[in-house]
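Residues per chain are reported as follows:
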Amino acid sequence: TFHKGAKDVIETGMVIEIYPNQLEQFPGALQGINLPIVFDEQVVGVVGVFGIPEEVRDTGRLVKAITELILERELMQEETRSRYKLREQFLETALTGDTVQSLPKLKRLAKSMNLNLSLARAVSVIPITSFIRQAVSGYGSSELVLERSIETVLRHVAQSGLIGEQDLAVVWDEQLVLLKTFIGTWQQEALLQWGRSMIDSMQKLDSEIAFCGIGSLASVIGGYAASYRQAEYCLATCHADRPLRTIYKHN
């Protein structure tokens, strides 16, 4: 139904307070307070609280603030999901597809992520099965639980200080897959030290996350798939005494 108070708020961006003796001026409205919901500097809606304006003013402001925060959070989450989908699409194409045939697509995706393809990168794989299963056991098996679990893992990795803007991280089949950049003079010890630090960091999230396999350093995009296969091979050779294996280990 038509609400004159809400219409005035949308048109002016101002708070409209309606008293009982003003109801005739505001068809479709009740007494109370009407506040604009502002998002990205635009009025996107109105929140109204029924009652005597002086008594519901604080409640109205609180509801307005919470509504705007929810909208802002939803937008941020949507943007985060969009960025993640780009990373996931890039890695899936680069690690499992025909790189030569997919090169134009990979370059297009890399450009949209501001990814410098001239940098050397190595693929690492870390199983996170225990963390995912704990979440499912505690909160049930649903898409939302899985999505939130993945978000938690990726947020933890991003806050670890062990990956930068030119690195990529995704979760595939209960595995954390990382494409790690190494700049400047590279040595095997740097790769090992980073792998150890990553395992230590992940164990703060879940003590049962214990193994990591790392493939060779690829200087061109066509080498990512081989590095990924090597990382999977190295992971298969991990055990309690050797939780970190790299393809550069001679034996």
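Caption draft 1: Highlighting the pattern of salt bridges. Summed over the entire model, instances satisfying the criterion amount to 10 salt bridges. For the salt bridge of Arg148 with Glu147, the shortest nitrogen-to-oxygen distance reads 3.2 Å. Taking the relative accessible area as the measure of exposure, Arg148 reaches 31% and is therefore partly exposed. Overlapping salt bridges, with partners in common, bring together Glu147, Arg148 and Glu151 in one network.

Caption draft 2: Highlighting the layout of surface pockets. Volume-wise, the largest pocket comes out at about 1,100 Å³. Along its surface, the largest pocket is lined by 34 residues, and Thr80, Arg81, Tyr84, Arg87 and Leu154 are the ones closest to its centre. Breaking the lining of the largest pocket down by element, the ones donating at least two residues are helix 2 (53–96), helix 5 (143–159) and strand 5 (168–172). No other element matches the 11 residues that helix 2 contributes to the lining of the largest pocket. Residue composition of the lining of the largest pocket, by class: 15 nonpolar, five polar and 14 charged.

Calculation rules
- Residues numbered from 1 in each chain as written.
- Predicted model: local features only at pLDDT ≥ 70, side-chain atom pairs only at ≥ 80, totals over all residues.
- Heavy atoms only, no water.
- Salt bridge = Lys/Arg side-chain N within 4 Å of Asp/Glu carboxyl O.
- Buried < 20%, exposed > 50% of the residue type's maximum accessible area, 1.4 Å probe, protein only.
- 1 Å grid on protein atoms, 1.4 Å probe; cavity = no way out; pocket = protein on both sides within 12 Å on 5 of 7 lines; lining within 4 Å.
- Points joined across faces, edges and corners; volume = space filled by probe spheres on them.
- Helix = DSSP H or I, 4+ residues; strand = E, 2+ residues; numbered from the N terminus.
- Nonpolar A, V, L, I, M, F, W, Y, C, P; charged D, E, K, R; others polar.

Purely geometric numbers; function is a separate question.
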